[in-house]
Every structure is written in structure tokens, then in C-alpha cells.
Amino acid sequence: MNKKGSDKIVSVYWFAILFIIAAAVVYMVLIFYGKPYDVREIESSLLAKLVADCVSNAGKINENVLDGSGIILTNENFMETCHLNFGVEDSFDWSLNSEYFVNVEFSMFEGEFLKNVTAGNSNLLDFCKEEFKSANNPSCLEDSFYSLDSEGNAYKIKITSLVRKTEKNVG
Amino acid sequence: MLDKQVLKRSSIHSCFFPKNTNAQVSDAVTWMVATIVIIVLLGFSIYLTSYFEILNKFDFSDAGLVKGNLAEKSLYGYLLKDLNGKNVYSTLGEDKNFTGEVALLAVKIFPDDELFWTGFFGKPNNYFGSQKDNLYPPITTSFYNLRVKQYHVCLTKSISLGEEFKQFNTLENVLRSDALFRLEVCEVND
């Protein structure tokens, strides 16, 4: 038997095994940690909670939202009044269109509709329709609560919040 | 000295790689079996990793409530609402009874009986039935408690009604009292 030849074959074999093991380890790490966590549902819930806190506190609608003249919250002052910032990192062209949308609908409790106030990318609103709801689409959350004004009149306030960010949350 | 070393190395080498062809075949089989064992072990490791990946994948919908998250705000509004010149909080505190107009307003505010339960702590009522969360809450005058129980995620909010509650310092006394009004919001996670 040729000693030099067998040594070379054994070396090549060990390199091949080393490569296979390394590739398998990398593959296992990718399987385990490769898929992103989808936090959009929680994010939209937090956004809704933030807006609800801005609109109402301790059962009463805040004065910077509703005064004697009616609802003073508008599309123009919504972001500033509620201290919202829809800025995102500059990747996947996210800076071109907002990745967030929020809508606050005011109506009398068991009564007429009063006003809608919105902020963010309104194109996302379609994803709240039942036929578009899926893990691959933007996350939509609709929730409502009961609140009173200073005179004790009851209101129903419905908040719709949407978060897109599909590229970083869907594996 | 050098010759001895060469001779020794050659004898070791001939021990592992003898010139007999049958032994060479045997070596090749050994290497092949070793390779197959390594590949099988790696395959098993990959299978285990993909199995545990499912366990590692944390479902954020189990982390807390999503729907009904704003119910706590509704509860405060409900307790402040004036009914016949007295707010719901005072009415409940004095009457110690969850019934009539007070209960009907609660049903309107919390219409989904799959999601909500309100009433006096520990007492089933005609409007919402029995409590969804049977575990006892911690004893504080007002608390915010999130608890994951089986497939339910429950948010509970309890409000003490009046001064009476302050003298209760044990769980039994709290359970005997009529002074704890409670809201439960429970989501069922699949």
C-alpha cells in the first residue's frame, strides 16, 4: 500500500467530515434562531393602549381631546397631542410610507357617530378586513372602550391600530 | 537512532496499513461505517434542533391580552357613571348588590360574555354567570394582575368599594366581604 497516498486520502476525508459537521452546526443554528419573532400584534396592542391613554384617563375623556366646544382632537394635531412618533429605521424603503396607522372613532354610547381622527399610512386600513387577515399581512387590532365627558355623557371610543413591518416579522 | 525510529514508525504503520488487500477492504468498510454514523448523528441533531425550534418559537399572543386590553378604562367609566343621581361606584358600595339598572349598564358596556366577567368577587351573578378566573387574587385595595392559566390569558382588575375593605387583612375576610368589585377579561388561546 502507498503510504503517502493513503495519508492524503485520510486528510481529504477528515476535511470533508469537518466541513459537513461545520455546515450542520451552522444549519442547526439557522433553524433555531433564523426565524424572526412576530411582535406586530403586541406592537399594535401597545399603540392602541398609548392612544387610549392619550384620549381618556380614569374613566374621563381628557381635556386636550374634548372640551365644551366638542372634540378638539384633529388629524393635524393628533400626533403631537398624543406624543406619537411613527419613525422607523431606514430599511426596506420603510421611510417612504409609514409602517403604522391608527384611527380613533368617537361616537356617543349607543348613539350617533361623532368624529374620526387618523394618523399614519391609511393604505393599511384594508388589512383590517376579514379576508386580508393573515400572519403574512399587516397586523390589525380593533378595540373599543367606554368613557365619560366632564358632564357625565357617555362615549364609545373605538381604536384601530395597524402595524406593517412585514419584512422583519414574517419568517 | 534514526534507523530505529524509522523501523518503529514503519512497524506501526504496517500494523494499521498492512499490505494485505483484505485488510485494506476492511479499513475502507470501517471508514464508510464511521462516515455513516457521523451523518446519522448529524441528521438526528438537526431533527432535534428543528423539534426544539417549535418550542423555542414563543407565541406572543400568549404573552398578554390583545383584545379587551382597554376594558380597564371602560371599568372606570362605568363606575363613574351617574344613574339616578348616584354613581355606579356608590350604588354598588351601598347596595352590595349587582342587579337592576347597574347590572344592565355593565352588560351594555361589556357585551361579550365570552370575553368579560364583572360582578362582586366570588359571587356568580345572573348577568355574567360564574367568574372566569377561579384563582384567588393577591390582597391589595386595588391591583393589576395578569395571569396565564392553561389556555386562558386573563386580565383582572378589582376595585374596593368603600372603607369597609380596609379592615380585611386576610384572604378569608376578603372572600367573606361584599366590598370587592371585579372585572375579568379572559381570552382563550388556541
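The rules behind these values
Sequence order sets the numbering: in each chain, residues are counted from 1 along the sequence as written. Chain A is the first chain written and ligand 1 is the first ligand written, with later ones labelled in order. Only residues with pLDDT of at least 70 are given local features in this predicted model, and only at 80 or more are side-chain atom pairs given and counted; all residues enter the totals for whole chains, interfaces and linings. In computing side-chain values, all of the structure's heavy atoms are included and hydrogens and water are not. Secondary structure elements are taken from DSSP: a helix is a run of H or I of four residues or more, a strand is a run of E of two residues or more, and numbering for both begins at the N terminus. Note on contacts: a residue pair qualifies if any of its non-hydrogen atoms lie within 4.5 Å across the two residues. Throughout, radius of gyration means the C-alpha value; the globule benchmark is 2.2 Å times the number of residues raised to the power 0.38. The buried label goes to any residue with under 20% of its type's maximum accessible area, the exposed label to any with over 50%, and the partly exposed label to all in between, with areas taken from a 1.4 Å probe on protein chains only. Shrake-Rupley sampling with a 1.4 Å probe provides the accessible areas, and residues are treated as covered by the protein chains on show and by no other component. Counting rule applied: Lys, Arg positive; Asp, Glu negative; His and chain ends not counted. For this purpose, a charge sits on NZ of Lys, CZ of Arg, CG of Asp or CD of Glu. Disulfide assignment relies on a single distance test, namely cysteine sulfur atoms paired within 2.5 Å. For every residue, the predictor assigns a confidence score, pLDDT, that lies between 0 and 100. Only when DSSP finds a minimum of two bridges between them are two strands counted as paired. Side-chain rings of Phe, Tyr and Trp (the six-membered ring for Trp) are treated as a pair once their centres are within 6.5 Å; stacked means planes under 30 degrees apart, edge-to-face means over 60, and tilted covers the remaining angles. What counts as buried area is the accessible surface, traced by a 1.4 Å probe, that two parts surrender upon association, with contributions from both included. The salt bridge criterion pairs a side-chain nitrogen of Lys or Arg with a carboxyl oxygen of Asp or Glu, the two atoms within 4 Å. The patches reported here contain residues having more than 30% relative accessible area and no salt bridge. Joining distances are 9 Å for like charges and 5 Å for nonpolar side chains (Val, Leu, Ile, Met, Phe, Trp, Tyr).

Draft legend 1. Structural view of the overall build of chain B. Helices and strands together make up the secondary structure of chain B, namely six helices and six strands. The N-to-C order of helical and strand elements in chain B reads α-α-α-β-β-α-α-β-β-β-α-β. In chain B, of all internal contacts separated by at least 6 residues, the share reaching a separation of at least 24 is 56%.

Draft legend 2. Region of interest: the overall build of chain A. Across its full length, chain A carries four helices and eight strands. Along the chain direction, N to C, the helices and strands of chain A fall in the order α-α-β-β-β-β-α-β-β-β-β-α. Computed over the C-alpha atoms, the radius of gyration of chain A is 27 Å, more than 25% above the 16 Å expected from 2.2 N^0.38 for a compact globule of 171 residues. Here chain A holds 171 residues, and the buried ones make up 39% of them. Here the contacts in chain A between residues at least 6 apart in sequence split such that 61% fall between residues at least 24 apart. Counting only carbon and sulfur atoms, one obtains 56% of the accessible surface of chain A, whose full area is about 9700 Å². Treating the 15 positive side-chain charges of chain A as one cloud and the 24 negative ones as another, the clouds have centres 16 Å apart.

Draft legend 3. View of the state of the cysteines. Residues and elements named next belong to chain A. What the rule picks out here adds up to two disulfides over all chains. Shown here is the disulfide that connects C128 with C140, its sulfur atoms set 1.9 Å apart. Between C128 and C140, the disulfide has an S-S torsion of 100 degrees and is therefore right-handed. Separated by twelve residues along the polypeptide, C128 in the loop between strand 6 (113-120) and strand 7 (139-148) and C140 in strand 7 bring together distant segments of the chain. There is no split in this pair, since C128 and C140 are both buried. Here the disulfide map of chain A reads 1-2, 3-4, the bonded cysteines being numbered as they appear in the sequence.

Draft legend 4. Here's a closer look at the confidence of the model for chain A. Per-residue pLDDT for chain A has a mean of 87; in total, 96% of the residues score no lower than 70. Ranking the elements of chain A by mean pLDDT puts helix 1 (residues 3-33) of chain A last with 82 and strand 5 (residues 100-108) of chain A first with 95.

Draft legend 5. Geometry of the pairing of strand 8 (residues 154-163) of chain A. Residues and elements named next belong to chain A. Strand 8 sits mainly inside the fold: eight of its ten residues count as buried. Two elements, strand 5 and strand 8, share nine bridges in a ladder whose sense is antiparallel. Residue F101 lies in a different strand from strand 8, and its bridge partner there is L162. Pairing analysis gives ten bridges linking strand 7 to strand 8, with the strands arranged antiparallel. Along strand 8, the bridge assignment pairs S139 with V163.

Draft legend 6. Quick peek at the packing of aromatic side chains. Residue and element names in this part refer to chain B. Scanning the model with the defined rule gives 14 aromatic pairs over all chains in all. For the ring pair F98 and F128, a centre distance of 6.3 Å and an interplane angle of 35 degrees mean the geometry is tilted. Taken as a pair, F98 in the loop between helix 4 (88-95) and helix 5 (100-109) and F128 in the loop between strand 3 (116-120) and strand 4 (142-149) lie far apart in primary sequence, 30 residues in all. Overall, F98 belongs to the buried group, its relative accessible area being 8%. The exposure class of F128 is buried, given its relative accessible area of 9%. A network of ring pairs unites the aromatic residues Y78, F98, F110, F116, F120, Y127, F128 and F181 as a single cluster.

Draft legend 7. Quick look at the interface of chain B and chain A. With 36 residues of chain B in contact, the opposing surface of chain A contributes 41 residues. Together chain B and chain A conceal approximately 3700 Å² of surface at their shared face, both sides included; 70% is due to carbon and sulfur atoms. Applying the counting rule to chain B against chain A returns two salt bridges. Of the charged contacts, one joins E110(A) and K108(B) as a salt bridge, the two residues approaching to 3.8 Å between their closest N and O atoms.

Draft legend 8. Expanded view of a nonpolar patch on the surface. Residue and element names in this part refer to chain B. A cluster of nonpolar side chains, namely V25, V29, V33, V37 and L41, defines an oily patch on the protein surface of about 420 Å² accessible area. Inspection of the secondary structure assignment puts L41 in helix 2 (residues 21-56). Classification of L41 as exposed rests on a relative accessible area of 52%.

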